[in-house]
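Each chain is listed here by its residues.
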Amino acid sequence: MRRIIHKKFFNRDAHIVARDLLGREIRRRIGSRVVRAVITETEAYMGPHDKASHAHRGLTKRTAPMFGHPGTLYVYLVYGMHYCLNLVTREKGYPAAVLVRAVRLLPSGILINGPGRVTRALAIAKSFNNKNIFSDKRLMLGPRHFTPKQIRKTPRIGVPYAGAWAHKPLRFLIE
DNA sequence: GGTGCGATTGCA
DNA sequence: GCAATCGCACCA
């Protein structure tokens, strides 16, 4: 089977994948319709030692998808009302992931800013959790639309409890 | 079995 | 500034 993104794409450290996802297309198939968007902002959750990561607490019912194969979807509910979409990285058994924080819809170019708004725009909810982006026909990665000239790095959003990890530049975005 | 809170958002 | 809203991690 021919793939635009090779399976090994996700078998790398989360900060590498997070950068590499910028400028790439993500497609959501809803019946015969396809919603397309370009990823413009991501965050990396590096592993069990990363205090900002859910995986910091180890293998739990919630975090189990993070321990899955590269390309696994980790979709969880935050604040009781918003879903966040993550793409699991590294080899099976190592919990790391990339959070998709913003996209631009195609062809309109409308910016969807914020992980909760991204999942709403792409109609992604809990039924996607623990699925794999290489096998679930509802979601797939498309081609790279451009290579960012400059990638801005900042600390991750909403993780003030993470100690030194709160300050690490693991949020990546296109200007 | 009880409790506290979060990888957020929208509105006052 | 803060309410909404609920799954679940954690403690007992």
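Residues numbered from 1 in each chain as written. Chains lettered and ligands numbered in written order. Predicted model: local features only at pLDDT ≥ 70, side-chain atom pairs only at ≥ 80, totals over all residues. Heavy atoms only, no water.

A. Local environment of the pattern of salt bridges. The final tally for this structure, using the stated rule, is 13 salt bridges. Two residues, Arg171 and Glu41, come together in a salt bridge whose shortest N-O distance is 2.7 Å. A residue pair is termed long-range when its members are at least 10 positions apart, and Arg171 in strand E9 (residues 171-174) and Glu41 in strand E2 (residues 33-45) qualify at 130 residues. The exposure classification of Arg171 matches that of Glu41, with both residues buried. For the salt bridge of Glu91 with Arg90, the shortest nitrogen-to-oxygen distance reads 3.0 Å. In the salt-bridge network here, residues are joined through shared partners; they are Arg12, Asp20, Arg24 and Arg144. (Salt bridge = Lys/Arg side-chain N within 4 Å of Asp/Glu carboxyl O. Helix = DSSP H or I, 4+ residues; strand = E, 2+ residues; numbered from the N terminus. Buried < 20%, exposed > 50% of the residue type's maximum accessible area, 1.4 Å probe, protein only.)

B. Spotlight on the protein's contact with DNA strand C. Close contacts around DNA strand C come from Arg57, Thr60, Lys61, Arg62, Leu77, Tyr79, Gly80 and Met81, and that covers them all. Of what DNA strand C places within 4 Å of the protein, 64% of the atoms are sugar or phosphate. At a separation of 3.3 Å, a phosphate oxygen of DNA strand C approaches a polar side-chain atom of Arg57. Within the side chain of Thr60, a nitrogen or oxygen atom sits 3.1 Å from a phosphate oxygen of DNA strand C. (Near = heavy atom within 4 Å. Polar contact = N/O pair within 3.5 Å; in protein donor to acceptor, adjacent residues only side chain to side chain.)

C. Fine view of the side chain of Thr63. Summarising the element assignment, Thr63 is placed in the loop between E2 and strand E3 (73-78). For Thr63, a relative accessible area of 1% corresponds to the buried category. A polar contact of 2.9 Å, which involves the side chain of Thr63, links it to the backbone oxygen of Gly58. Once residues lying within four places of it in the same chain are set aside, the contact partners of Thr63 are His54, Ala55, Gly58 and Tyr74. (Contact = heavy atoms within 4.5 Å.)

D. Region of interest: the protein's contact with DNA strand B. Near DNA strand B, the surroundings consist of 23 residues, among which His54, Tyr76, Asn86, Arg117 and Tyr161 are the closest. Counted by atom, the contact set of DNA strand B within 4 Å of the protein is 53% sugar and phosphate. Between a phosphate oxygen of DNA strand B and a main-chain N or O atom of Gly116, the distance comes to 2.7 Å. Take Arg120: an N or O atom from its side chain is 3.1 Å from a phosphate oxygen of DNA strand B. Listed by contribution, the elements that provide at least two residues to the surface near DNA strand B are E3, strand E4 (82-88), strand E5 (97-106) and helix H2 (115-121). The leading source of residues in the surface near DNA strand B is H2, at four residues. Of the residues assigned to the surface near DNA strand B, the class counts are 12 nonpolar, eight polar and three charged. (Nonpolar A, V, L, I, M, F, W, Y, C, P; charged D, E, K, R; others polar.)

E. Region of interest: the packing of aromatic side chains. A full pass over the atoms with the stated rule returns three aromatic pairs. Between Phe10 and Phe134 the ring centres are 5.8 Å apart and the planes differ by 70°, which places this aromatic pair in the edge-to-face class. Separated by 124 residues along the polypeptide, Phe10 in the segment before helix H1 (14-21) and Phe134 in the loop between H2 and strand E7 (139-144) bring together distant segments of the chain. Its relative accessible area of 0% is what places Phe10 among the buried residues. The exposure class assigned to Phe134 is buried, which follows from its relative accessible area of 15%. The ring of Tyr76 has Arg62 lying over it, and the distance from NZ or CZ to the ring centre is 5.9 Å. (Phe/Tyr/Trp six-rings, centres within 6.5 Å; stacked < 30°, edge-to-face > 60°. Lys NZ or Arg CZ within 6 Å of the ring centre and 35° of its normal.)

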